[in-house]
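The primary structure of each chain is shown beneath.
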Amino acid sequence: MRTLVLLVTSVLLFYPFTAGAQDNRAALEAAEKALGATGLKSIEIQGGGTFVWFGQSYSAGTPGPQFNVRSLRRVVNYDTASLMDEMVRTRALEPPKGGGPYVRGEHKAVGFVSGDQAWNVVGEAAAPAPVALAERQFQLWSTPHGVIKAAMAGKGTIQGRTITFAVPGSFKATATLDAANLVERVEGTMANPVVGDVPVTVTYSDYRDFGGVKFPTKIRQTYGGFPALELAVTEVTANVAADISVPDAVKQASNPYARVQSQKATEGVWYLTGGTHHSVVIEMSDHVIVVESPLNDDRALAVIKETRTLVPNKPIKYLVISHQHFDHAGGVRAFAGEGATLITHDASRKFFEQVVAAPATVSPDHLAKSGRKAAVEGVRDRRVLTDGTRTVEIRQIAGIQHADDMLMVYLPKEKFLIEADAYTPPAPNAAPMSPPNPFTVTLAENITKQGLAVDQILPLHGRMVPLTGLNKAAGVTP
Ligand SMILES: [Zn+2]
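Please read these numbers as outputs of a predicted model, since none were measured by experiment.

**Description of the overall build of the protein chain**
Then, in step 1: A tally of helices and strands in the protein chain yields 12 helices and 26 strands.
Then, in step 2: Taken along the three principal axes of its C-alpha coordinates, the protein chain extends 75 × 50 × 45 Å.
Then, in step 3: A total of 478 residues make up the protein chain; the buried ones form 51% of that total.
Then, in step 4: When contacts within the protein chain are restricted to residue pairs at least 6 apart in sequence, those whose partners lie at least 24 apart make up 60%.
Then, in step 5: Taken as a whole, the protein chain presents about 21000 Å² of accessible surface, with 53% of it coming from carbon and sulfur.
Then, in step 6: In the protein chain, 46 positive and 45 negative side-chain charges are present, and the distance between their average locations comes to 2 Å.

So this is what it looks like as structure tokens:
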């Protein structure tokens, strides 16, 4: 009874009126005022700390590789729903364990979102990155001022100290205000192509006044229960020039993942490119094997469509997954929704069983809509698929530090080797990396130790090259 009385009292304290539109507005305005967000159109923050790459772990279901963030410069334009992150970082481990591009020393990553377009800039070139949209929209609107702006723009409501807000298809979240009406915590669910609904949290503390605008100097984020970002904020500038607009190259690429180009590697084997991540289609007597379904549903559905055009009237029986990194596994759920059996390394079998059983309520995808259940099969060292004519060998890349579940696909008769991330051909005439990428060295060692006779590499990034390309990159002298 006492508890009930206390509860009723606190409810009355926090909700002095029944929540009407005007009270909603007034409460949000009070929070806006506390943050110094009134009239704030844009903000720039700078800081440093650590970043952990979600979805690029060495082992599925463990934290990803860590990076030291020398500097993060984030510019947000709330009026145009735009954000830019410019991160200068180094790997905490060298040589690395886990994924992310293999770059030595300090390197810069620049990512943008504006409205419903996400893109990256590498050097001078802008490349669309639709797969990053949900996360970047979450990053934009989960900033302390973003929470209030989102709610005031009709994307959310406030009740007591809790603001509920969402960008449909990308995330839904609740933010908690502290006693001073400052945003102290955001808890949300974000859409992810691999794991469906992923829980995310942001904690803000140690607020300081930066020329009238309050901003936390400590930011902690978790993705899927793992640390994702720890940032010490050193500088905050309100109302900076923040002219972030979608580059023409991004605008014109309306659905870049739908662009599939197929190249016949030999009779019944096609190399599917057209973007950043490739797939291989292998025709068997009464079914089809697809190696790799990267990125997301859009890409997977385009690859499935192309596969059906290349090989009509034969079902896609297997999808072979090179490894569990999210950029390579983003289309796994779509293949599961088509009834394909997934083949992964034993180390990731449980992970993919969870993946195909996971709900995707924020952005219901092909699998969620299909209502299907998929089979997942594991490979330890080697598994052979054959129809009596063609043989497809799925083999582990043993000892590679990129991931503990790396599989390569070897076609002994055709002398083809399909692999991801162990070797990516550099631009023609580019000098090989020196010293060589250790992942490439491990792949070359595996080819020798496993006694594979390879003529052509079909890499899942880059382009088809003869084995000499790989040997050169690995520093192997024939
Ligand atoms: Zn990888």
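The discussion continues.
**Things to note about the sheet that holds strand E19 (residues 341–345)**
Then, in step 1: Taken in spatial order, the seven strands line up as E14-E15-E16-E17-E18-E19-E20 in an open sheet, and their pairing is mixed. The open sheet has two free edges, formed respectively by strand E14 (261–266) and strand E20 (376–379), since each of these has just one partner strand. Averaged over neighbouring strand pairs, the angle between their axes works out to 25° when direction is ignored.
Then, in step 2: Docked against the sheet, helix H6 (residues 297–310) engages E14, strand E15 (269–273), strand E16 (279–283), strand E17 (288–291) and strand E18 (316–320), running at close to 150° with respect to E15.

**Points about the layout of surface pockets**
Then, in step 1: Taken as a whole, the second largest pocket spans an internal volume of roughly 610 Å³.
Then, in step 2: Considering the residues around the second largest pocket, the lining is formed by 29 residues, among which Pro130, Val131, Asn296, Asp298 and Ser363 are closest to the centre.
Then, in step 3: Among the secondary structure elements, those contributing two or more residues to the lining of the second largest pocket are strand E5 (117–122), helix H3 (133–141), strand E10 (183–192), strand E11 (196–210) and H6.

**Notes on the packing of aromatic side chains**
The geometry of an aromatic ring pair is captured by two quantities: the separation of the ring centres and the angle between the planes.
Then, in step 1: What the rule picks out here adds up to 12 aromatic pairs.
Then, in step 2: On the numbers, 6.1 Å between centres and 50° between planes, the contact of Phe51 with Trp53 is tilted.
Then, in step 3: Three or more aromatic residues joined by ring pairs form one cluster here, namely Phe54, Tyr223, Phe326, Phe351 and Phe352.
Then, in step 4: Note that Arg89 overlies the ring of Phe67, its terminal NZ or CZ placed 4.9 Å from the centroid.
Then, in step 5: Over the aromatic face of Trp141 sits the side chain of Lys155, whose NZ or CZ is 4.4 Å from the ring centroid.

**Describing the packing of helix H2 (residues 21–35) against helix H4 (residues 144–155)**
Then, in step 1: As a packed pair, H2 and H4 sit with axes 10 Å apart at the nearest point and diverge in direction by 155°. Considered as vectors, H2 and H4 are oriented roughly antiparallel to each other. H4 is crossed by H2, and the crossing has left-handed handedness. In this structure, H2 uses Arg25, Leu28, Glu29, Ala31, Glu32 and Leu35 to contact H4, whose residues at the interface are Pro144, His145, Ile148, Lys149, Ala151 and Met152.
Then, in step 2: Split by residue class, the contact of H2 with H4 holds seven nonpolar, one polar and four charged.

**Observations regarding the sheet that holds strand E24 (residues 416–419)**
Then, in step 1: The sheet built from six strands is open, its strands ordered E21-E22-E23-E24-E25-E26 with mixed pairing. The open sheet has two edge strands, strand E21 (382–386) and strand E26 (465–466), and neither has a second partner.
Then, in step 2: Sheet topology places strand E25 (residues 456–459) next to E26; two bridges connect them, and they run antiparallel. Paired with Ile457 across the two strands is Val465, which belongs to E26.
Then, in step 3: The sheet strands contacting helix H11 (residues 438–449) are strand E22 (391–396), strand E23 (407–411) and E24, and the helix crosses E24 at an angle near 145°.

**Structural notes on the coordination of the zinc ion**
Then, in step 1: With distances of 2.1 to 2.2 Å, the protein atoms coordinating the zinc ion are His323 (NE2), His325 (ND1), His402 (NE2) and Asp421 (OD).
Then, in step 2: Considering all four donor atoms around the zinc ion, the spread of angles at the metal, 88 to 175°, places the coordination shape in the irregular class.
Then, in step 3: Sequence spacing of the donors to the zinc ion: H-x1-H-x76-H-x18-D.
Then, in step 4: The class of His323 is buried, set by a relative accessible area of 0%.
Then, in step 5: Taking the relative accessible area as the measure of exposure, His325 reaches 0% and is therefore buried.

**A few points about empty space enclosed by the protein**
Then, in step 1: Applying the stated criterion across every chain, the model contains one cavity of 30 Å³ or more.
Then, in step 2: Within this model, the largest cavity holds a volume of roughly 70 Å³.
Then, in step 3: Along the walls of the largest cavity sit 13 residues, with Ile45, Arg74, Gln139, Ile219 and Gln221 positioned nearest its centre.
Then, in step 4: Residue assignment for the lining of the largest cavity shows that the elements contributing at least two residues are strand E2 (66–77), strand E12 (213–223) and strand E13 (226–238).

**Some details on the pattern of salt bridges**
Then, in step 1: For the coordinates displayed, the defined rule picks out 23 salt bridges.
Then, in step 2: Note that Arg73 and Glu44 form a salt bridge whose closest N and O atoms lie 3.4 Å from each other. Separated by 29 residues along the polypeptide, Arg73 in strand E2 and Glu44 in strand E1 (residues 42–52) bring together distant segments of the chain.
Then, in step 3: The exposure class of Arg73 is partly exposed, given its relative accessible area of 27%.
Then, in step 4: When its relative accessible area of 14% is taken as the criterion, Glu44 is described as buried.
Then, in step 5: Three or more residues are tied together by salt bridges with common partners; here these are Glu44, Arg73, Glu86 and Lys108.

**Points about the confidence of the model for the protein chain**
Then, in step 1: With 96% of its residues at a pLDDT of 70 or more, the protein chain shows a mean pLDDT of 93.
Then, in step 2: Low pLDDT, under 50, characterises residues 1–18; the predicted model gives this stretch six contacts beyond four residues in sequence or across chains.

**Looking at H6**
Then, in step 1: The terminal C-alpha atoms of H6, which comprises 14 residues, lie 20 Å apart, in line with the 20 Å expected from a rise of 1.5 Å per residue.
Then, in step 2: Looking only at H6, the buried set comprises Asp297, Arg299, Ala300, Ala302, Val303, Ile304, Glu306 and Thr307.
Then, in step 3: If you check the start of H6, you find a side-chain oxygen 3.2 Å away from the backbone N of Asp298, and it comes from Asn296.

**Regarding the pairing of E24**
Then, in step 1: Side chains Phe416 and Ile418 of E24 all project onto a buried face; the interleaved residues Leu417 and Glu419 project onto the opposite face, where all are buried too.
Then, in step 2: Direction of pairing for E23 relative to E24: antiparallel, over a ladder of three bridges. Bridging across to E24, Tyr410 finds its partner in Leu417.
Then, in step 3: Hairpin geometry of E23 and E24 is characterised by an intervening segment of four residues between the two adjacent antiparallel strands and by a positive phi of about 60° at Lys415.
Then, in step 4: Both E24 and E25 contribute to a ladder of four bridges, which runs parallel. Bridging across to E25, Leu417 finds its partner in Ile457.
Then, in step 5: Where the polypeptide runs from E24 across H11 and back to E25, its parallel neighbour, the crossover connection is right-handed.

Conventions used here
- Residues numbered from 1 in each chain as written.
- Predicted model: local features only at pLDDT ≥ 70, side-chain atom pairs only at ≥ 80, totals over all residues.
- Heavy atoms only, no water.
- Helix = DSSP H or I, 4+ residues; strand = E, 2+ residues; numbered from the N terminus.
- Buried < 20%, exposed > 50% of the residue type's maximum accessible area, 1.4 Å probe, protein only.
- Contact = heavy atoms within 4.5 Å.
- Areas by Shrake-Rupley, 256 points an atom, 1.4 Å probe, with all protein chains shown as cover.
- Lys, Arg positive; Asp, Glu negative; His and termini not counted.
- Charge placed at Lys NZ, Arg CZ, Asp CG, Glu CD.
- Pairing = 2+ DSSP bridges.
- Axes fitted to C-alpha atoms, helices over the stretch in contact; angles between N-to-C directions.
- 1 Å grid on protein atoms, 1.4 Å probe; cavity = no way out; pocket = protein on both sides within 12 Å on 5 of 7 lines; lining within 4 Å.
- Points joined across faces, edges and corners; volume = space filled by probe spheres on them.
- Phe/Tyr/Trp six-rings, centres within 6.5 Å; stacked < 30°, edge-to-face > 60°.
- Lys NZ or Arg CZ within 6 Å of the ring centre and 35° of its normal.
- Parallel < 35°, antiparallel > 145°, perpendicular 65-115°, else oblique.
- Left-handed = near helix turned anticlockwise from the far one by under 90°.
- Nonpolar A, V, L, I, M, F, W, Y, C, P; charged D, E, K, R; others polar.
- Donors = N, O, S within 2.8 Å, 3.2 Å for Na, K, Ca; no water.
- Tetrahedral: all angles 85-135°; square planar, octahedral: opposite > 155°, others 65-115°.
- Salt bridge = Lys/Arg side-chain N within 4 Å of Asp/Glu carboxyl O.
- pLDDT = per-residue confidence, 0-100.
- Expected span 1.5 Å × (residues − 1).
- Polar contact = N/O pair within 3.5 Å; in protein donor to acceptor, adjacent residues only side chain to side chain.
- Right-handed = clockwise from strand over helix to strand, strands pointing away.

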